[in-house]
Amino acid sequence: MKTKFFIIIIVLFSGNVFLSCNKVLDKKPYNKLSEDEILSNESGVMAYFATLYNLLPTEDFRFSPRGGFNGDGSGTFICHLSEEATYAFGSDNSSVGDGGWLPYWQYTAVRNVNNLIEKLPSTKFSEGVKNAYLGEAYFIRAYYYFGMVKRYGGIPIITTVQEWKGNNLAELQVPRNTEKEVFDFIARDLDEAVKLLPASPVTTNTVRANRYAALSLKSRAMLYAASIAKYGSVNLEGILGIPAGDAPKYWQAAFDAAKAIMESNKYSLYDLKSDKTENFQNLFLDEGSANKEIIYSKKFVYPNKAHSFDRWVLPFGVRSPDGYGARIAPTLELCEQFETINGTIDTLQLNDQNGKPVLYADPKAIFANRDPRLFATVILPFTDWRGTVIDVRAGIIDGGKEITATDFNTLYDTVNHRIDNVNGNMHVIAINGVGGVIETSQTGFHLRKYVNPAYERSTVRQNTSATAYIDFRLGEVLLNYAEAAIELGNTAEAKNAVNQIRDRAGIRLLNDAEVNLNRIRHERMVELAFENHRFWDIRRWRIADLLINNTSFSTILPFYDLDAKAYIFKKKKTGFARTFPPRLYYEKIDGGEIGRNPKLIQNPGY
């Protein structure tokens, strides 16, 4: 019986595939396409690739814990599971999940790409075209498996199209391979993709994989495998974990893949603006051909498929007409990880050497001389957003007495020194937080990275944002290279790579003595903040249970001192303690999957 390919035509322009759009538009809009129809012409293959790309585990603006890969209606993001940020609602801030918040079990997608890999060699396309298609298919299959192995550990490796024949259930129920076998399989698929894919993008933009996208994925995946081998442990006879002796092999594979990208000279760090803050901010908004840092990205198009990221994260005082806002509140701990321009890592100066609060006539001065990436990543207290100062005053100091409130509408009479909602002339707290309604920042900070200042506030509604999500960029590749190099004992190469990042950022370069594993990890934290790496990084390094162990993160509290006509800053814990039990290093396999395939073994702790 001939296999049918089921294609939902609406996804043609909603995912990553834009090549040959005119040809696709010329094609009759079938709801179901047969195998012959797909494999006989380019537009059919494009339609099929659209569905394959749409199921990639790209954790973009629409991905959220519990909401999954189409969680655009929840306003929760992976950064809420690490120490990067808190959420607007305390009940969701008290946990990092139960092992089922990040599901991705995509064997239907695996079956579809296996079908394409099997059938493409017998098509009438030229060898060059077939090879390019096959290269993409191998990249996609490797990405599917990477999305699963980083969650579950060892999973079944299936490379053929399984068919139900009425009496072959046992052969369809495949046991889990070891985690090492899965990572090795991913490496082989990506090696095939690298050999088959062209060096230039398949399209004129970055929305479909080329050779360097495959190398980027390999550098990332092998970094994960190496970390798990070195810092994890082997359980369930290798279904979980990788033997420690294999770590150097994977570090080397990550190093080599990153090096191939670097030496190709196809990509360069985005460095088009003299102002370092503006430059780093524009990196994530500039989708033009001048942005040579992007290797692979996911495009959004309004109104066919857009996202709501801007609506979810704008400060309360400048929020969307839909409401919401401030869902990502960067923590004080994260903000303090951004060094000074001179390269020191220190906390903000809240008090002087005698323990007295430091007075700041300009409240922005507390952040003076910090890494320009901080100002491009976070909307700091009292900085500007589209002409509006984002005030996050937590209260007033009058005659040494602290005055605060829970409602922005509460007014203070500075003449008679009392709260007076009728005659008061000053709001006690600011509209954007800290304090007040639950949709204001819980930490005093708001997110700036990826938030588009070109959008008029009135146009920021649900599913109206179209900023592209960068999945692979040269900045990450350099940091993958640096981490692999330092783990292999190659300090000089690690120093060269990390200093390229720091030079672009506009901060002091590291000397030989400063280049170590902790400094490389620190650089990843600040450079890649809010790009959905941090949670996975602390998991693969096996430090999440130490960093997030009954832990609360901090809020900055700016108080205006009426007598001094200046601000002082205090800090406190948010009050929402999180914890990360070791079982969460692997997600639990859904019980329904185990019910369908009893050969699957559940991960420990579930």
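Residues numbered from 1 in each chain as written. Predicted model: local features only at pLDDT ≥ 70, side-chain atom pairs only at ≥ 80, totals over all residues. Heavy atoms only, no water.

**Notes on the overall build of the chain**
- Scanning the chain from N- to C-terminus turns up 19 helices and 17 strands.
- Relative to the globule expectation of 25 Å for 606 residues, the C-alpha radius of gyration of the chain, 26 Å, shows essentially globular dimensions.
- Here the C-alpha coordinates of the chain stretch approximately 85 × 55 × 50 Å along the principal axes.
- Looking at the chain as a whole, 59% of its 606 residues are labelled buried.
- Looking at the chain alone, contacts between residues at least 24 apart form 71% of all its contacts between residues at least 6 apart.
- Counting only carbon and sulfur atoms, one obtains 50% of the accessible surface of the chain, whose full area is about 23400 Å².
- Between the centroid of the 71 positive side chains of the chain and the centroid of its 69 negative side chains there is a distance of 3 Å. (Helix = DSSP H or I, 4+ residues; strand = E, 2+ residues; numbered from the N terminus. Rg over C-alpha atoms; globule rule 2.2 N^0.38 Å. Buried < 20%, exposed > 50% of the residue type's maximum accessible area, 1.4 Å probe, protein only. Contact = heavy atoms within 4.5 Å. Areas by Shrake-Rupley, 256 points an atom, 1.4 Å probe, with all protein chains shown as cover. Lys, Arg positive; Asp, Glu negative; His and termini not counted. Charge placed at Lys NZ, Arg CZ, Asp CG, Glu CD.)

**Considerations on helix α10 (residues 276–283)**
- Along α10, the residues classified as buried are Asn279, Phe280, Gln281, Asn282 and Leu283.
- The inward-facing, buried residues of α10 contact α13 (372–377), β7 (384–385), β15 (469–473), α15 (491–505) and α16 (517–527).
- Where α10 begins, the capping side chain belongs to aspartate 275, and its oxygen is found 3.0 Å from the backbone nitrogen of threonine 277. (Polar contact = N/O pair within 3.5 Å; in protein donor to acceptor, adjacent residues only side chain to side chain.)

**Description of unusual backbone geometry**
- Proline 303 follows tyrosine 302 through a cis peptide bond whose omega is 5°.
- Along the chain, glycine 433 connects to valine 434 via a cis peptide bond; the corresponding omega equals 5°.
- Considering the arrangement of structural elements, one finds valine 434 in the loop between β13 (426–427) and β14 (446–447).
- At glutamate 237, a position not held by glycine, the phi torsion is positive, near 55°.
- Positive phi is not limited to glycine here, since tyrosine 324 has a value of about 65°.

**Here's the deal with the nonpolar core**
- Grouped together as the largest cluster of nonpolar side chains are 111 residues, with contacts concentrated most on Phe139, Tyr145, Phe183 and Ile186.
- Of all the elements, helix α5 (residues 127–152) adds the most residues to this core, at 14 residues.
- The contacts of phenylalanine 183, once residues within four sequence positions are left out, are Phe146, Val149, Ala221, Met222, Tyr224, Ala225, Ile228 and Ile242. (Core = buried A, V, L, I, M, F, W, Y, C linked by side-chain atoms within 4.5 Å.)

**Description of the pattern of salt bridges**
- Inspection of the entire model under this criterion finds 49 salt bridges.
- For arginine 534, the salt bridge identified is with glutamate 83, shortest N-O distance 2.7 Å. Of this pair, arginine 534 sits in helix α17 (residues 534–540) while glutamate 83 is found in the loop between α3 (42–54) and β3 (85–86), placing the two residues 451 residues apart along the sequence.
- By relative accessible area, which is 6% here, glutamate 83 ends up buried.
- Taking the shortest distance from any N to any O, the salt bridge between arginine 508 and glutamate 514 comes out at 2.7 Å.
- You can call arginine 508 partly exposed: its relative accessible area is 30%.
- Residue class for glutamate 514 comes out buried when judged on its relative accessible area of 16%.
- Through salt bridges with shared partners, a single network forms among Glu293, Glu339, Asp371, Arg373, Lys449, Arg473, Arg502, Arg504, Arg519, Glu523, Glu527 and Glu531. (Salt bridge = Lys/Arg side-chain N within 4 Å of Asp/Glu carboxyl O.)

**So, the sheet that holds β13**
- Ordered by their spatial adjacency, three strands build an open sheet running β12-β11-β13, and the pairing between neighbours is antiparallel. Only two strands of the sheet have a single neighbouring strand rather than two, namely β12 (418–419) and β13.
- Both strand β11 (residues 411–413) and β13 contribute to a ladder of two bridges, which runs antiparallel. Looking at β13, one finds that tyrosine 412 is bridged to methionine 426. (Pairing = 2+ DSSP bridges.)

**Describing the environment of alanine 213**
- Here alanine 213 lies in helix α8 (residues 211–231).
- Placed 149 residues apart in sequence, alanine 213 and aspartate 362 show a C-alpha to C-alpha distance of 45 Å.
- Excluding its chain neighbours within four sequence positions, the residues that come into contact with alanine 213 are Phe139, Ile295, Tyr296 and Phe472.

**Side note on the packing of helix α14 (residues 474–487) against α16**
- In the contact formed by α14 and α16, the axes pass within 9 Å of each other and the chain directions differ by 165°. Comparing the axis directions of α14 and α16 gives the class roughly antiparallel. Taken as a pair, α14 and α16 cross one another with a handedness that is left-handed. Contacts between α14 and α16 pair Glu476, Leu479, Asn480, Ala482, Glu483, Ile486 and Glu487 from the former with Leu517, Ile520, Arg521, Glu523, Arg524 and Glu527 from the latter.
- Of the residues that constitute the contact of α14 with α16, the class distribution is five nonpolar, one polar and seven charged. (Axes fitted to C-alpha atoms, helices over the stretch in contact; angles between N-to-C directions. Parallel < 35°, antiparallel > 145°, perpendicular 65-115°, else oblique. Left-handed = near helix turned anticlockwise from the far one by under 90°. Nonpolar A, V, L, I, M, F, W, Y, C, P; charged D, E, K, R; others polar.)

**Some remarks on the packing of aromatic side chains**
- Counting across every chain of the model gives 32 aromatic pairs.
- Seen in terms of ring centroids, tyrosine 296 and phenylalanine 472 are 6.1 Å apart; in terms of plane orientation they differ by 45°. Their pairing is tilted. One end of the pair, tyrosine 296, is in strand β4 (residues 294–298); the other, phenylalanine 472, is in strand β15, and 176 residues separate them in sequence. The pair formed by tyrosine 296 and phenylalanine 472 is uniform in burial state, with each residue classed as buried.
- Three or more aromatic residues link up through ring pairs in this structure, and these residues are Phe61, Phe77, Phe280, Phe284, Phe300, Phe309, Tyr450 and Tyr469.
- A cation over a ring is seen here: arginine 540 above tyrosine 224, with NZ or CZ 5.3 Å from the ring centre. (Phe/Tyr/Trp six-rings, centres within 6.5 Å; stacked < 30°, edge-to-face > 60°. Lys NZ or Arg CZ within 6 Å of the ring centre and 35° of its normal.)

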